[in-house]
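A structural walkthrough
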Amino acid sequence: MNKSALKYGFFLGCVIPNRYPMIERSIRDVFEELNIELIDLAGASCCPAPGVFRSFHILTWLVIAARNLSLSEELKVSPVTGCNGCYGTLRDVWYDLEHDPQLKMKVNEELRKIGKSYTGKYEPKHVVQVLYQDLGLDYLKDYIKYKFSDLKVAVHYGCHIIKPSIKRPWNKEYESPTFLDELVELTGAKSIDYKDKYLCCGAGGALRSGFNEVAADFTKEKLINIRKAKADIIITCCPFCQLQFDLGQKEVSNIFRDEIKKPFTIPVIYITQLIGLSMGIDPNRLGLIKNHNIKDVSPFISLDPFLKLIKKQLI
Amino acid sequence: MNSKTEEVLRKDIRKSYNNKLIQKFINAGLEEIRACINCGTCTGSCPSGKRTALRVRSAIKKALDGDESILKDKDIWFCSTCYYCYERCPRNIPVTDMIIKLRNIAVEEGYILDNHFDLAYNVFYKTCHAISAIGENNKKWRELRESYDLPSLPPTVHSYPEAVKECQKLMREVKFKQLLDKIKKKKKKDNKNIK
Ligand code: SF4
Ligand code: SF4
């Protein structure tokens, strides 16, 4: 099967480029290794974030998202994003406008004022969707050079990659999908079961920016369950979940220090950082080894325990 | 439920709710809200309600009853938009979308948390990103990007000033900027806020 003709418009969003550039690096490198072309969507903005800006003004959310979608239409490719929030916005707006021609007309009226237009011809995708559906496990398998022999992974899906299920590509499965577990297990790692695995991280819906301690309370529940299941590492497919498990893990350890007894120190990485490692990409480039002296930047939770653990495994 | 019961229920429900708040939902194409049977599945599925005062069923009920106190209630801002209520509602009400709509109406009336206002006004409108990498205090993030062999600013609005102008124009055209300006004035004057 020739999949190397695949190309996409790379929609970066905000959190990936501006707080977790190692995720951007790992997506770019993994896709390059897979011979998939990523074209930057020059001048793309915030998706806009579905929790905050959609909550403030739905019409703004619609037109700014449609502008972003129009950028990939100009290049005649589907946009691909690595962020569940961006995916939620781009995909919901795409779906909603497809099902409401009048609304689509209204949005186009606005876009015309900046010389743009939107048709809806190109389906917005998630990085995980491209890996799992457009390429497929069988295809990816050939690119795996190293396998972990003993790595227990707590997979965190997040919400907007699977819900609302009617607007997502997973056959309406929202209670217990497995696509991310399957991608993780391609690397030889074991995706372990833990209580309430599909629970939200707590960051979305404007909660982190509105009431940080409530968001942290969600995260605490997840971390307690993940620690109980003895996971070595958390794998995410969303930079905002990642931020909530990374920086948020520190916040949880601080806010709830009496309740949790021991601070949490579970490393958190993004799916393409894990797969990239398995594909033989330099861990320095994947952001797994610290190669700078910049203070107070991501990752906030040290990855050293993870690196120590896999040192002997990846040969 | 057999279709006869369904029909009776629907009729009954249609008649019983008619107020300003409901009208706004209907105008926004969300008239499904009138099909709520108050079963509580949404509240029972809600991870936020487990730890906060948010009770989705009762928020929907208040909206149905036209009880506008819900607009200044901070509870509607506790929803993490996890979509469990939306998926599980037996009446197929897009519950999460209802909460988002309630929030929109609240903001329209000037009820918005200071943090959220600041994010909308000082970050989103100005940079067109929700989290930005420009300015002196974000220098470390630009350096971090460089350390991963990426340009110090991403090829987004951050690298294209004309794209910022386009987005800002759209935000003025749909009257979002004007709404924010109005709220700013209001916030200064009467300190009206969410309780
Ligand atoms: S689950 Fe649906 S029908 Fe039941 S109370 Fe909630 S909104 Fe109403
Ligand atoms: S979407 Fe919001 S209201 Fe609905 S279950 Fe999730 S947190 Fe609760």
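Sequence order as written defines the numbering, with residues in each chain counted from 1. All chains are assigned letters beginning with A, and all ligands numbers beginning with 1, in the order in which they are written. Local features in this predicted model are restricted to residues whose pLDDT is 70 or higher, and side-chain atom pairs enter the listing and the counts only when it is 80 or higher, whereas totals over whole chains, interfaces and linings include all residues. Each side-chain value is derived from all of the structure's non-hydrogen atoms; neither hydrogens nor water enter the calculation.

It is worth spelling out the domain arrangement of chain B at this point. Residue and element names in this part refer to chain B. An automatic or database domain assignment supplies the residue ranges for each domain. Taken as a whole, chain B is organised into domain 1 (3-108) and domain 2 (114-194). Here the C-alpha centre of domain 2 lies 31 Å away from the C-alpha centre of domain 1. Working rule for contacts: check all heavy atoms of both residues, and any pair within 4.5 Å makes them a contact. With six residues of domain 1 at the contact, the number on the domain 2 side is five residues. Carbon and sulfur atoms make up 72% of the surface buried where domain 1 meets domain 2, a total of about 450 Å² over both sides. Two parts placed together each lose some accessible area; with a 1.4 Å probe, that loss summed over both constitutes the buried area. Three residues stand out in domain 1 for area buried against domain 2, namely Trp-77, Val-107 and Glu-108, and they jointly supply 71% of the buried area on that side. Salt bridges are counted wherever a side-chain nitrogen of Lys or Arg sits within 4 Å of a carboxyl oxygen of Asp or Glu. Summed over the shared surface of domain 1 and domain 2, the result is zero salt bridges. For this analysis, a polar contact is any N or O atom pair within 3.5 Å, provided that within protein one partner can donate a hydrogen and the other can accept it, and provided that sequence-adjacent residues contribute only side-chain to side-chain pairs. Seen at the junction of domain 1 and domain 2, the total is zero residue pairs in polar contact (both at pLDDT 80 or more). Considered class by class, the residues forming the side of domain 1 that touches domain 2 number two nonpolar, no polar and four charged. Polar here means any residue outside two lists: the nonpolar Ala, Val, Leu, Ile, Met, Phe, Trp, Tyr, Cys and Pro, and the charged Asp, Glu, Lys and Arg; Gly therefore counts as polar.

Counting residues at the interface gives 62 residues for chain B and 74 residues for chain A. Counting across the interface, chain B meets chain A through 33 residue pairs in polar contact (both at pLDDT 80 or more). For the side of chain B that touches chain A, the secondary structure elements donating two or more residues are helix 5 (84-88), helix 6 (95-108), helix 7 (114-127), helix 8 (139-147), helix 9 (161-173) and helix 10 (176-190) of chain B. Top element by residues in the side of chain B that touches chain A is helix 9 of chain B. It accounts for seven residues. Grouping the amino acids of the side of chain B that touches chain A by side-chain chemistry returns 34 nonpolar, 13 polar and 15 charged. Secondary structure elements are defined from DSSP: runs of H or I of at least 4 residues count as helices, runs of E of at least 2 residues count as strands, and each element is numbered from the N terminus.

pLDDT: the predictor's confidence for each residue, scored from 0 to 100. Taken over all residues, the pLDDT of chain B has a mean of 90, while the share at 70 or more is 89%. Scored by ipTM, the complex comes to 0.96, with pTM at 0.95.

What follows is about the packing of aromatic side chains. Here a pair means two rings of Phe, Tyr or Trp (six-membered ring of Trp) with centres within 6.5 Å. Their orientation is stacked below 30 degrees between planes, edge-to-face above 60, and tilted elsewhere. For the coordinates displayed, the defined rule picks out 13 aromatic pairs over all chains. When the ring of A:Tyr139 is compared with that of A:Tyr143, the centres are 5.5 Å apart and the planes differ by 45°; the resulting orientation is tilted. When accessible area is computed with a 1.4 Å probe and restricted to protein chains, residues below 20% of their type maximum are described as buried, those above 50% as exposed, and intermediate ones as partly exposed. Relative accessible area serves as the criterion here: at 13%, A:Tyr139 is assigned to the buried category. With 3.7 Å between their ring centres and 10° between their planes, A:Trp170 and A:Phe179 make a pair best called stacked. Exposure class is identical for A:Trp170 and A:Phe179. Each is buried. In textbook terms, an aromatic cluster arises when at least three aromatic residues are bridged by ring pairs, as seen for A:Tyr132, A:Tyr157, A:Trp170, A:Phe179 and A:Tyr198. Directly above the ring of A:Trp61 sits A:Arg54, whose terminal nitrogen or CZ lies 4.7 Å from the centroid. Geometrically, a lysine NZ or arginine CZ counts as sitting over a ring once it is within 6 Å of the ring centre and also within 35 degrees of the ring normal. Here the basic side chain of B:Lys177 rests over the ring of B:Tyr125, its NZ or CZ set 5.1 Å away from the ring centre.

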